[in-house]
Amino acid sequence: MKPSAARIALIIIAMISPLGAKDRTGLPEPEPGQRIIQAVRTDDPIVIDGRLEEIVWQREGVNGFTQNDPKDGEPATETTEVWIAYDDKAVYVAAFCRDSEPDRILGRLGRRDVAVDSDWFYFYVDPYYDRRSGYAFAVNPSNSIRDAVLSNDVDQDFSWDGVWEWKAAVHDNGWSVEMRIPFDQLRFSSRDEYVWGVNFRRVVKRKNETASLVWVPKSEPAHVSRFARLEGIGDISPGRHLEVVPYVTGRSQFQPAEPGNPFRTGHRFLGNAGLDLKAGLKSNLTLDATVNSDFGQVEVDPAVINLTAYETYYQERRPFFIEGASIFNGFGRGGVYINAGMNWPSPEFFYSRRIGRAPQGYVTGAGHVDVPGHTTILGAAKITGRLGSWNVGFINALTAREFAALDASGLRSKEEVEPLSYFGVFRAQKDIDRGRRGIGIMATGVMRDTANTNLAGIMNQNAFSLAVDGWTFFDANRNYVLGGWIGGTRVEGTPENILRLQRSPLHYYQRPDAAHVELDPSAGSLSGWGGRIQVAKQNAPLMWVFGIGALSPGFDPNDLGFQRAGSDIVNVSFLPVYMWTKPGKIFHMFVAGSGVLQSYDFGGNKVSEAAVVILQGTFRNFWDFNAEIVAFPDMLNNRLTRGGPMAMSPAGMQSSFMLSTDSRRPFILEGGGTLSNNGPDGRGWSAQLAFRWKPASNLSLSIGPRYNYDDMATQWVGRFRDDRMTATYGTRYVFGRIRQQVVSTEVRLDWTFTPALSLQAYLQPFIGVGAYDRFKELARPRSYDYNVFGQNGSTIAFADGIYTIDLDGEDPAVAFSFRNPDFNVKSLRGTIVLRWEFRPGSLLYFVWTQNRADYANPGDLRLRRDMGDLLTAPGDNIFMLKASYRWNM
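These figures come from a predicted structure and were not determined experimentally.

(A) Region of interest: the overall build of the protein chain. When you go through the protein chain residue by residue, the secondary structure sums to 5 helices and 48 strands. What you see for the protein chain is a C-alpha radius of gyration of 29 Å, in line with the 29 Å of a compact globule of 889 residues. Counting only C-alpha atoms, the protein chain reaches 100 × 60 × 50 Å along its principal axes. Here the protein chain holds 889 residues, and the buried ones make up 53% of them. Surface summary for the protein chain: the accessible area is close to 37500 Å², and the carbon and sulfur share equals 56%. Across the protein chain, the mean location of the 95 positive side-chain charges is 2 Å away from that of the 98 negative side-chain charges.

(B) Examining the environment of Asp 568 more closely. Residue placement: Asp 568 occurs in the loop between β28 (542–551) and β29 (569–580). Overall, the relative accessible area of 2% leaves Asp 568 in the buried class. Discounting chain neighbours no more than four positions away, the residues touching Asp 568 are Arg 511, His 516, Leu 551, Ser 552, Pro 553, Tyr 600, Asp 601, Phe 602 and Arg 639. A polar side-chain atom of Asp 568 sits 2.8 Å from a polar atom in the side chain of Arg 511.

(C) Inspection of the packing of aromatic side chains at higher detail. What the rule picks out here adds up to 58 aromatic pairs. Between the aromatic rings of Phe 183 and Trp 196, the centroid separation amounts to 6.3 Å while the plane-to-plane angle is 80 degrees, which identifies the pairing as edge-to-face. A residue pair is termed long-range when its members are at least 10 positions apart, and Phe 183 in the loop between β11 (174–182) and β12 (196–204) and Trp 196 in strand β12 qualify at 13 residues. The burial state of Phe 183 is the same as that of Trp 196; both residues are buried. When the centroid spacing of 5.5 Å and the interplanar angle of 75 degrees are considered together, the rings of Trp 716 and Phe 735 count as edge-to-face. Of this pair, Trp 716 sits in strand β38 (residues 699–721) while Phe 735 sits in strand β39 (residues 731–754), and the two are 19 residues apart along the sequence. Neither Trp 716 nor Phe 735 differs from the other in exposure class; each is buried. The aromatic ring of Phe 158 is capped on one face by Arg 146, whose charged end is 3.8 Å from the ring centroid. Between the NZ or CZ atom of Arg 532 and the centre of the ring of Trp 344, over which it lies, the distance is 4.6 Å.

(D) Expanded view of the pairing of strand β26 (residues 480–492). Pairing of strand β25 (residues 462–473) with β26 involves 12 bridges; the strand directions are antiparallel. Within β26, the residue paired with Ala 463 across the bridge is Val 491. Here β25 folds back onto β26, and the loop between the two strands holds 6 residues, one of which, Arg 478, carries a positive phi near 55 degrees. Sheet topology places β26 next to strand β27 (residues 525–537); 13 bridges connect them, and they run antiparallel. The partner of Val 481 across the bridge, within β27, is Ala 536.

Cut-off values and rules
Residues numbered from 1 in each chain as written. Predicted model: local features only at pLDDT ≥ 70, side-chain atom pairs only at ≥ 80, totals over all residues. Heavy atoms only, no water. Helix = DSSP H or I, 4+ residues; strand = E, 2+ residues; numbered from the N terminus. Rg over C-alpha atoms; globule rule 2.2 N^0.38 Å. Buried < 20%, exposed > 50% of the residue type's maximum accessible area, 1.4 Å probe, protein only. Areas by Shrake-Rupley, 256 points an atom, 1.4 Å probe, with all protein chains shown as cover. Lys, Arg positive; Asp, Glu negative; His and termini not counted. Charge placed at Lys NZ, Arg CZ, Asp CG, Glu CD. Contact = heavy atoms within 4.5 Å. Polar contact = N/O pair within 3.5 Å; in protein donor to acceptor, adjacent residues only side chain to side chain. Phe/Tyr/Trp six-rings, centres within 6.5 Å; stacked < 30°, edge-to-face > 60°. Lys NZ or Arg CZ within 6 Å of the ring centre and 35° of its normal. Pairing = 2+ DSSP bridges.

Taken by themselves, the reported measurements are silent on function.
In structure tokens:
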């Protein structure tokens, strides 16, 4: 179960105990009640055709599957028989999935790793036999596939793509599948005799039935730790492999020409080439390297309106970084399966989109400017695998020095906007006693050549982080767990840059009423620490999680990591949850939870407090729902004035709800919404629908319209120095009421012609409008008192897009002004990708990307007019052809 509140991590206190008992052969002994399966060596060739005609499949297989859904713990309604064999090069898996209604076997075509609504057969394997990690391989009756890396006992990362063979075949009494998985695709230590963990799972979609050979009750979150024991594999070599994948691209960009601008002539043609490499350094380590990377085939990021002081988080979509990322992404979450952060900022030490980001510098000269859209990755290498009993991961990347071209009346020059930079990440984690305990370390480093004076003032020269994490279970059933992390960060740069960093939203050292922080204009570095501890009971029916964490005011992982809110926080939370796993008259499954949280800054001020109620479930008709309610009292807010004094946020309530229909149907509807009431500070609501239509077994179309409305009284406008405003320390902190409306839709088309050939389309029309009025200033700290402009003798005037505030209505010397903050952002983004895997690991992409934008009529939403403006706005069109070829050496 994963509650929907937020994410949580822990500080580790791990007791290291001796390894589990071993028998005289050096292999671990079976655990009590563990099922044992025998693999059979075969010297006869096996043809991967799904027919199961080889002699090795004629012996009696393994059966006896047990349901998890819909009737947890009852025997599967359909019989499944499985076999495992091996030879010198690979392990073979075969299954016959008998079906009492073979005409109703459901197979859908889908792109690799897409969980299409169909029948499936899964094979899970833990080659290290560490009871925490492994691999998953899945095939459906239409020969669509999924494969994943398993970690932390319960996590699955489907970004990993192995090179293996499979084939499914449908018969008059069921369907069958064969797999051939080369040993060089699996990581395991070389020895004379092996013990692996294995499990098998079958999905019968028309019944929404999921059954496994080794049953783990839904009340227990364990997965890999409960696998059966596979014996009989011996006298093999794990093998080494080398894959070289060169690529070439051609790109054409068409955009409206801009008269007089030599950089906007209407068209641009580019070509590129590079190389990806994958090598088995030894049986347990894999090297991935890329030279002159090109990621033009990935989907565009969605448009958003962000009025906060913090940056928007975007998902990683680039194949080099997402494949095998689980070892880096799982930091601080080992052993703890309940995912509830409860207003915790959830810092990440490694956010791969920092590598190759858009240049951060700017041009100081006047004229026409051409700035690169991203920073070139000259080369990157990643090593992942296992050394002894340690799981390790190491990433090195070098990005190029980037320049913006400047044209001033025909005089060409260039200015540096991004320095030559190195990025490094190291991760190691040790499993102890078959995953019952563990300890890990993570270190990151960024080094930039900031010899350019302008860049040295806005960028850190060096940034480092070091942290440890771990967990320990208190009982043999892995019911109670303690886990977490602790670490520190340090950034270095010029005093000008470090002063900028101290003033940034992550720190706000300039807060005039915060005695525990102080600006240091001469500082050449900034350091901080953070950590979080979590104690949890994770097996149903009653589960709970208690967490406490802190981030010091100077904690800053953002050079290579990501933090969603400011540091200077101590957070405490408690969330008990009750889960009903047995089907009843109304629900197949139901979850209810209610928790509390509080947060303080390092000055002892309570800056957040809330009570949370969570409801999730599945009805008997297989409709799903979830709901969440959050209530909070009046609270101090140390971020509202963006570096100014404390203010007060009034009490309020927020709620959300979602309901989705049965996913087995050709037409699926999902609807939901949110509602917020923050008392005098405003109200808001949103509604969204998602329609998904599956007219054929290889075609899916989804449309998801959404509408948001927010009426908030204290939207930030700006700060204005005025020594006479002694109540707020000589600065006026100005806000306005905003009425914001967002109308958007996401359209997706997935058309799979064969498992190797697919067409995907994504389109997002987006309109976001904000209208400001009722401008005011904070009257005094730690309050919700404001001086409204235009009242009590002050005046407000608007002309030529400028608001002018005269505080006494007479003396222009006490007046100040600011631009109209109204906006009307219209965006149309879309991508069409044709993908053909013409041989295993060799790909051909054709991509069309279009972007349109318009900003007319700020503050005024008229849907018909705005959609017309958007559709007729000039757009950028990019056409790209990319080909890569895999050589397996």
